[in-house]
Amino acid sequence: MRTSEVNMAAAETDRELPSALCSEFLNFSAKDTAAKWLQATDLPNEVYQHLARYVPKIYCLGPNLNPQSEDLLAQLLLQAPLEWYLCGEEPSVGLAKLEQSNQPSQLCGHVFKVGEPTYSCRECAADPTCVLCMQCFLGSVHKEHRYRMTTSGGGGFCDCGDTEAWKKGPYCQKHEPNISDSSQEDPLANLSADMIARTYNIFSIMLRYAVDMLTWDKEEELPQGLEPPERGDTYYCMLFNDEVHTYEQVIYTLQKAVNCTQKEAVSFATTVDRDGRKSVRYGDFQFCEQAKSVIVRNTSRQSKPLRVQVMHSSVVAHQCFALKALTWFSHVIRYSDALRRILCQVGLQKGPEGENSLVDTLMLCDSKMWKGARNVYHQLVMSSLLMDLKYKKLFAIQFAKHYERLQSDYVKDDHDREFSITDLSVQMFTVPSLARMLITEENLLTTIIRTFVDHLRHRDLQGRFQFERYTAQQAFKFRRVQSLLGDLKYVLISRPTEWTDKLREKFLEGLDAFLELMKCMQGMDPVVRQVGQHIEMEPEWEAAFTLQMKLTHIISMMQEWCGSDERVLIEAYKKCLTALTHCHSGFADGEQPITLSMCGHSVDTIRYCISQEKVSIHLPVSRLLAGLHVLLSKSEVAYRFPEQLPLSELSPPMLIEHPLRCLVLCAQVHAGMWRRNGFSLVNQIYYYHNVKCRVEMFDKDLMMLQVGASMMDPNHFLMILLSRFELFHIFSSADCRKRYNRESANKDVVQQNSTLIEEMLHLIMMVVGERFVAGVGQVDSWDELKREIIHQLCIRPMAHSELVKALPENENKETGMEKVIDSVASFKKPGVTGRGLYELRPESAKQFNLYFHHYSRADQSKAEEAQRKLKRQNGEDSALPPPVLPPLCPLFASLVNILQCDVLLGMLGAVLQWATEPSGGHWSESMLQRVLHLIGMALLEEQQQLEGAVDHSEVTFNFTLKISRPGEAPSNTPSILAVLETLQNAPHLEVHKDMIRWTLQTVASIKTTRERTAAAPPPERAGGCQEETVRDKDKAERKRKAEMARLRREKIMAQMSEMQRHFINENKELFQQSLEELDASTSTALEHSPSSWDSVLVCVGPRRWRAGGGERRQVVTCILCQEEQEIRADGRAMVLAAFIQRSTVMSKNRKRPPHDPESYDPLFMHPDLSFGTHTGSCGHIMHSHCWQRYFEAVQAKEQRRQQRLRVHTSYDVENGEFLCPLCECLSNTVIPLLPLTKTSCSEQPGVMQWLSTTSQQIRVLHSAHRRAKATSAAETGDGESMETHPLPEGFRLDHTPVNPYSSSIKEMLTTFGTATYKVGLKVHPNEQDPRVPIMCWASCAYTIQSVERLLVDEDKPLFGSLPCRQDDCLSSLARFGSACWTVSSLAAVQSHFIRLMAVLLPDPQVENSPCILHVDMFHLLVSLVLSYPAVHCQDSSGLSIDVAQLHLLHLVTVAHLVQILLTSVQVELTMEQESGGVEEEEEESVCLLYNTLRSHLGSALREVSSGWHLWRTVRLGILPFLRGAALFFHHLHGVPTPPELSGNPSASSRPPSLPLRTPCQNPGGARPTCLMAFSPAPLAPGVGEWEMVCAYLSLPSNLLQLFYNHQELLQPLLQGWCSHPSLRQCLRSPETLIRFPRESNKLIELPEDYSALINQASSFTCPKSGGDKSRAPTLCLVCGTMLCSQSYCCQTELEGEDVGACTAHTFACGSGVGIFLRVRESQVLFLAGKTKGCFYAPPYLDDYGETDQGLRRGNPLHLCRERYRKIQKLWRQHSITEEIGHAQEANQTLVGIDWQHL
Ligand SMILES: [Zn+2]
Ligand SMILES: [Zn+2]
Ligand SMILES: [Zn+2]
Ligand SMILES: [Zn+2]
Ligand SMILES: [Zn+2]
Ligand SMILES: [Zn+2]
Ligand SMILES: [Zn+2]
């Protein structure tokens, strides 16, 4: 109703509009108007009058705006005169001329839509903001490079043609400049002066008009000259967007305020969000004002109210046209660069008295405009000012001049940055030449930094930032102001190659401002150790770290700028030092001077207890200085201009003081001393070391220690270190080697000190050993990176993305790892799951350093374990000695002396001495390990120096000598070497033995080298040889042990498997024996004995194989109570957990509307299989009562849980769902297990006789049913004599069969039947409904059909390849099907049988019998066979049920043959015929049958000449049916399968794969509509299968014999089928005709390159909101429909609930189950029902074998076919729901998602 009303209203306005203005509009001439304007003296006034008159007549005439007619009128009445005036002739001619003479610039400038793919080249782009559109990218050189793909957030344009954006290949093929490049020429040169003047005039007037109107803030009046001639009382109530109120609030408020429906409110809210404003009411002033007050009142409670204005319609009208005018500008300037330049000129022209230009005015009002207006003018700026290189520069200058004001406006505004003019900064600041110009001319660097600092007002007494006191409002501002740092980054991205004096001056000025910012951060958020009780409130720390993180790249870039010019570097170093000195004067609390002495050295320092005083993690000034200092070394400025540097002013202790405190803080936190300070400190320490921050935090602190230590006496440095670690007292006492372990201090303190000593030793290692920064050590940046990668891979093999995450990125988001990764690692490809991994090359493992400074403790222990394991595998000893290090740079060279200084030796000696006592308790294993490592480092240093020196006596580094000397104090203590030798044999140090041995060997080898030089230089190997023999012996011993262990293991395994085999054999025999004894009496003579297996196996009919008593017996174990139970009809019921679902997997018609569940008659399945019911099972068996008890427990638990907390589970208990108690597989019912029925067979009638008997029985049943109906319906009984039929012999109507099943089995029969009915039809359970058995049979047929398809698709043999759980499931389904009638109404099942028979045997008493083209024959067969027992049970003539089954099979097969012949020859047959057919008999008879059909149907069938083709068509078409039938009877009767059909290679020489290939699977299938478009070769191996299946089914291999052997019976039937009234009509509509074989459904084809999908999605618009871009375009992988997901606009109502587009689509396309690809996220979505869903890995991988869910990394993605096939398989085998269940069980957060809203 409502929609038609709206349409009516729209139609009315349509009609009204032209009629009211008709005459006036018809008389209008644009040409004349333009001519009048040409004569005008006051043109602006003339144009304004025109606008004043017409605009209000075109726009805003009613409540419903009508954009189409408005735009049309605006074009005719408003734009046309402008264009006439501009061109001076017919606009289409004039503009075409302009376009022809235009010489377009080389810039592409394509503006990106939201979600459009953009490409950047990792190798050539100047910075990551440089992007190409897809078109340009495909035509560029970068296609072959390492590129990056992202989706645009909208806005921004293609940088193709911008030479500054690309280091290489700036042009694509399309934008390649011509040789006669005229870009330097003035574009205006081609235009006549007249034209220039006219353009100038009209552009100035119209741009002024647009700017005036868009920035207009009065609601009633209009600018001078625009007042409307007449003025009505018509107003709009205009609602504006804000980012404060939620969708829900707005929708709720609108419903109240303007009394609209929820749908309308949603639509209003959507528009407001998109365009920034929307009129919600139209009418007189009072009417609108009323709505306004309601809205304001309703939204002002918690926050500031929604902005609402009541505006006069003429104001709104002019604003509408103003927007239109801007669009018109972008349209017109596209024709000519000259017009564009004039527009730029007009826009930037200042007023006569230097007033702001029009563009300035727009920018300054930016934050006051609504979203829609901003978007339109930003777009115009982009397509005009930013596309003209001259004006881009001028615009950039204006932008920079207003920068501070614009940013402040933005910070106060609440719209996202993409809607702000400030967002254009990226377009200018990233252009290196512009950025440089803005820095020098407009002092941009300083402006940005100052503006930023100005916005952070809260400071403490020392002037440092204080974020703790921020209110929510200020925090919000802080977030917005961070975008300024983005601008700063843009400006700095490209380093200058040449410096001018002006640039130096302005950069250093910027650096001053930057240092001011750093100073505000130095020492912020200080912490004090909490003692006694835990802190009460976690202090705020995130803001400071956010700032630090955002600044990290900027600080690095600042250093790079400094490093690129010597003069700048020197000046910067001085400035930074001054700043640091200034900072230090700020905080000096807690510092008292003291003197420390130890090992004969003493130093003056201060006392500072980090565990008691304030300490801060934020030290950016110190760290900047450290960075600059290393640059001095790297650039060698330090050696070349020492006189210009303030080196003498440096005070090393001052430099190291604060970084050292910070490092000690970390050590103390590790030692557990700061536990009471809570998580905020833990988090800070975490980030301090984290890869995102460490470059400008931890790394630089370490560097500063290296700087300081390199300028100090190493003993002094170590003493200060000891003092800050609060460990000085332990090592300084004269007898520290002894005293410490006697000290019986508090256990906690001992533990703490142990950790602190470990940490301190580690720090010393790092200070001496971390030389992989260029400037510290003699390395380059690749060495540094290589080392990082090696150490990551030493932990374990890693995926590309893991490695990227572990490495620091630069400002270009690059880690540089591509350049080195291949030199250290090899790549291992992924399989169907998992991802590609990089593995370390063995030779690179030599560089492994256990104490790598970027390892966390966890990393370290993992790496240690992995490396030791590796060494053991290679048969080496497990020592992990330090690696050989690169030499230090001269400035840092003195660091090595730390290794041999007295204080360190004292410390080493002490720890070693402690370790001699096994139970000392005051030393730790890791302490000892670190000491050994330090000794190792020193030894390697000495060895290296010896190798490098010519004369060994010159080498002053003599560690071996020092450790050989006995200790000095107290005297007579043993030397370090001696202690080591003692430790070598200490049993408690077994783990360190290898390392100690390595140490002693190295000492020996160094000594030899030194001695050798004293004498003559002997051969190198002397020491090595001995060493080697020792090692060899060791290795051999290890190998021998490993070999013995292996042998022992193997022996045990062999013993065990032997025992197992034995056990099974023994028990099997026992088992069989007892069964045979038991059953000997029950077996009858008629049963085939199992010994006749070698004769042909038959699964149906009187000759079928019958199970002997023993084989029939089946014993199973209940998974719940573990009891064994035999399956018997009269026994306790055993059940299988099962899951029933509706399915469209095999559907050939997804357009069929869902049936009405209440009235639908499911008896006949249409051959399009559009909806089916699938049953699956995990195969786990339980007692029915055990299951019931389990399920009740689940229900009770669920109820309790729901009362407590409303969390969802992955399964819906209320709907009968549960998880299998063993495997947690989702289930919703159980299938009872039934025994095989015992049958026998005697002399049996042929098909003729059987059919006549059955017809008689049917007639009798007909009248019996009618009688029963009559008596029950009409009690009166008018006594009309029913015709009575003679009862066939032995048929007893009054006989009520005895139900053979126990009550528990009966109960389960009902349970499963009802569940199938409930799920299959989506109705409420009703066990009385006559459709219950039908649904069971249908599910059995559908499930078998889908299994048959799956086997073909997977190239598996028919039997033997299914997992047992599926075999069990099919058997119980088939047997259940044949038993389910026993719990239904007998009459109902009988009448089902009668109606089913009527399809084959036309029966005048059955109405509406379908024609055979409308029936799926397999469903018919299964239903007939399974319903027949209901008729048979009243027959006591001895007729065998087996005979009936065989006859039914024959009849249905013939019907199917006919069906195939009728449908398939509609297709053109193009295949070449094989000559010399071996099946001539078949070919002849099939032709004969076809011609018989033609004689009935005439021209409806084409003439066919070749029997060869026809026979093959029939064979291909019917094979799936026969295979299905074989599966069905096999499971129904438990008949063994012939080995030839089981793909058992020993039994069959044929390959197990099936020959069936549908054309689409055929790679060369160029003729996809032809069923036979393949070479006949593949058919050959199938011949065997064909014969085997036919024989198994007791069918002749020439199927046509079925027909010809009983022609007299079948001819009339054939005639009957052909004369069915709807048959001819069917044949006449070949497009809906189903042909056989039905091809398996596949998921849609996906493009190879993922960007093709992104592109497709970016042009997809929401189908409901008129051309809007969809936010979450989602592709249905089943049918290929693109949907607008996860959005209000596309929500629809489904069963009384609002659901998203995907869920809604799922119900039509997949009957509840859906598989989607979320294109923007690169993520597969599985949905099932309204509440279930999960995400799944997409089938797209990057070159590193990884998916990119969320498209975060941007590597090019390509389709991985194996993975896509895997998803397809999940779908085909109906496992999607199960997959969701498992995913949700594994990840509980998935359960909480509102899947139905997607
Ligand atoms: Zn482009
Ligand atoms: Zn291009
Ligand atoms: Zn490139
Ligand atoms: Zn049990
Ligand atoms: Zn299970
Ligand atoms: Zn679909
Ligand atoms: Zn939508």
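Residues numbered from 1 in each chain as written. Chains lettered and ligands numbered in written order. Predicted model: local features only at pLDDT ≥ 70, side-chain atom pairs only at ≥ 80, totals over all residues. Heavy atoms only, no water.

> Could you clarify how one ought to interpret the coordination of the zinc ion (ligand 3) in this entry?
At this site the zinc ion (ligand 3) is bound by Cys121 (SG), Cys124 (SG), His142 (ND1) and His145 (ND1), with donor distances of 1.9 to 2.3 Å. One can describe the site at the zinc ion (ligand 3) as tetrahedral: its 4 donor atoms subtend angles covering 98 to 117° at the metal. Donor residues for the zinc ion (ligand 3) sit on one chain with the sequence pattern C-x2-C-x17-H-x2-H. Highlighted residues: Cys124 in the loop between strand E1 (114–121) and helix H6 (134–138) and His145 in the loop between H6 and strand E2 (147–153), separated in sequence by 21 residues. Both residues of the pair, Cys124 and His145, count as buried. (Donors = N, O, S within 2.8 Å, 3.2 Å for Na, K, Ca; no water. Tetrahedral: all angles 85-135°; square planar, octahedral: opposite > 155°, others 65-115°. Helix = DSSP H or I, 4+ residues; strand = E, 2+ residues; numbered from the N terminus. Buried < 20%, exposed > 50% of the residue type's maximum accessible area, 1.4 Å probe, protein only.)

> Sorry, what's going on with the sheet that holds strand E4 (residues 277–283) here?
Think of a sheet as strands paired side by side through backbone hydrogen bonds, with each pair either parallel or antiparallel. Spatially, E4-E3-E5 is the arrangement adopted by the 3 strands of the open sheet, whose pairing is antiparallel. Of all the strands in the sheet, just E4 and strand E5 (308–312) have a single pairing partner and so form its edges. Taken pair by pair, the neighbouring strands of this sheet meet at an average axis angle of 30°, ignoring direction. When strand E3 (residues 235–240) meets E5, the two strands line up antiparallel, connected through 5 bridges. (Pairing = 2+ DSSP bridges. Axes fitted to C-alpha atoms, helices over the stretch in contact; angles between N-to-C directions.)

> Would you explain the environment of Ser1427 in this entry?
Turning to its location among the elements, Ser1427 is positioned in helix H51 (residues 1417–1427). Classification of Ser1427 by relative accessible area gives buried; the value is 0%. Taking the C-alpha atoms as reference, Ser1427 lies 9.4 Å from Ile1394; in sequence the two are 33 residues apart. Once residues within four sequence positions are removed from consideration, Ser1427 is found in contact with Trp1337, Val1389, Phe1393 and Leu1396. Within the local environment of Ser1427, its side chain forms a polar contact with the backbone oxygen of Ser1423, the two atoms lying 2.7 Å apart. (Contact = heavy atoms within 4.5 Å. Polar contact = N/O pair within 3.5 Å; in protein donor to acceptor, adjacent residues only side chain to side chain.)

> Teacher, can you tell me more about the packing of aromatic side chains here?
Within a pair of aromatic rings, the relevant descriptors are the distance that separates the centres and the angle that separates the planes. Across all of its chains, the model carries 46 aromatic pairs by this definition. Through successive ring pairs, a cluster of aromatic residues spans Tyr48, Tyr59, Tyr209 and Phe321. Above the face of the Phe287 ring, Arg281 is positioned so that its terminal group lies 3.8 Å from the ring centre. Arg1515 extends its terminal NZ or CZ atom over the ring of Trp1586, reaching a point 5.0 Å from the ring centre. (Phe/Tyr/Trp six-rings, centres within 6.5 Å; stacked < 30°, edge-to-face > 60°. Lys NZ or Arg CZ within 6 Å of the ring centre and 35° of its normal.)

> What am I meant to see in a positive patch on the surface here?
A cluster of basic residues, Lys368, Lys412, Arg457, Arg459 and Lys477, forms a positive patch at the surface. With respect to the element layout, Arg459 can be found in the loop between helix H19 (444–455) and helix H20 (472–481). (Patch = residues over 30% accessible without salt bridge, like charges linked within 9 Å, V, L, I, M, F, W, Y side chains within 5 Å. Areas by Shrake-Rupley, 256 points an atom, 1.4 Å probe, with all protein chains shown as cover. Salt bridge = Lys/Arg side-chain N within 4 Å of Asp/Glu carboxyl O. Lys, Arg positive; Asp, Glu negative; His and termini not counted. Charge placed at Lys NZ, Arg CZ, Asp CG, Glu CD.)

> Is there a simple way to think about the coordination of the zinc ion (ligand 6) in this case?
Within the first shell, the zinc ion (ligand 6) binds the protein through Cys1676 (SG), Cys1679 (SG), His1705 (NE2) and Cys1709 (SG), at distances of 2.0 to 2.3 Å. Note that the zinc ion (ligand 6) binds 4 donor atoms; their angles at the metal cover 102 to 116°, and the shape is tetrahedral. The motif formed by the donor residues of the zinc ion (ligand 6), counted along the single chain, is C-x2-C-x25-H-x3-C. Linking Cys1679 in the loop between strand E17 (1673–1676) and strand E18 (1682–1684) with His1705 in helix H61 (residues 1701–1709), this pair joins segments that are 26 residues apart in sequence. Overall, the relative accessible area of 33% leaves Cys1679 in the partly exposed class.

> What is the right way to read the pattern of salt bridges from this model?
Oppositely charged side chains can pair when the atoms bearing their charge come close. Following the criterion strictly, the structure yields 67 salt bridges and no others. For the salt bridge of Glu788 with Arg694, the shortest nitrogen-to-oxygen distance reads 3.6 Å. You can see Glu788 sitting in helix H34 (residues 781–795) and its partner Arg694 sitting in the loop between helix H28 (678–689) and helix H29 (698–710), a full 94 residues away along the chain. The exposure class assigned to Glu788 is buried, which follows from its relative accessible area of 6%. The salt bridge partner of Arg868 is Glu864, with a shortest N-O separation of 2.7 Å. Of the two residues, Arg868 and Glu864 are both situated in helix H37 (residues 857–873); the distance of 4 residues between them amounts to about one turn of the helix.

> Would you mind going over unusual backbone geometry with me for this structure?
Only a minority of non-glycine residues have a phi that is not negative, and only a minority of peptide bonds are not trans. Backbone torsion omega between Phe1636 and Pro1637 reads -5°, so that peptide bond is classified as cis. You can see Pro1637 is positioned in the loop between helix H59 (1621–1628) and helix H60 (1650–1658). At Ser1722, a residue that is not glycine, the phi angle is positive and equals roughly 50°. Relative accessible area serves as the criterion here: at 0%, Ser1722 is assigned to the buried category.

> I tried to follow empty space enclosed by the protein on my own but got confused; where do I start?
Space left empty within the atom packing is revealed by a probe, the size of a water molecule, rolled over the atoms. Scanning the entire structure with this criterion turns up 18 cavities of 30 Å³ or more. For the largest cavity, the calculated volume is near 310 Å³. Along the walls of the largest cavity sit 26 residues, with Met1146, Gln1345, Glu1348, Arg1349 and Arg1638 positioned nearest its centre. Looking at the lining of the largest cavity, the elements that each hand over two or more residues are helix H48 (1331–1353), H51, helix H55 (1507–1533) and helix H62 (1761–1772). No other element matches H48, which puts 6 residues into the lining of the largest cavity. Here the lining of the largest cavity is built from residues that sort into 11 nonpolar, 7 polar and 8 charged. (1 Å grid on protein atoms, 1.4 Å probe; cavity = no way out; pocket = protein on both sides within 12 Å on 5 of 7 lines; lining within 4 Å. Points joined across faces, edges and corners; volume = space filled by probe spheres on them. Nonpolar A, V, L, I, M, F, W, Y, C, P; charged D, E, K, R; others polar.)

> Is there a simple way to think about the pairing of E4 in this case?
Regular strands show a simple pattern: their side chains alternate between the two faces of the sheet. In terms of burial, E4 is a largely internal element, 5 of the 7 residues being buried. Bridge count between E3 and E4: 6 bridges; the pairing is antiparallel. Within the sheet, the bridge partner assigned to Leu239 lies in E4 and is Lys278.

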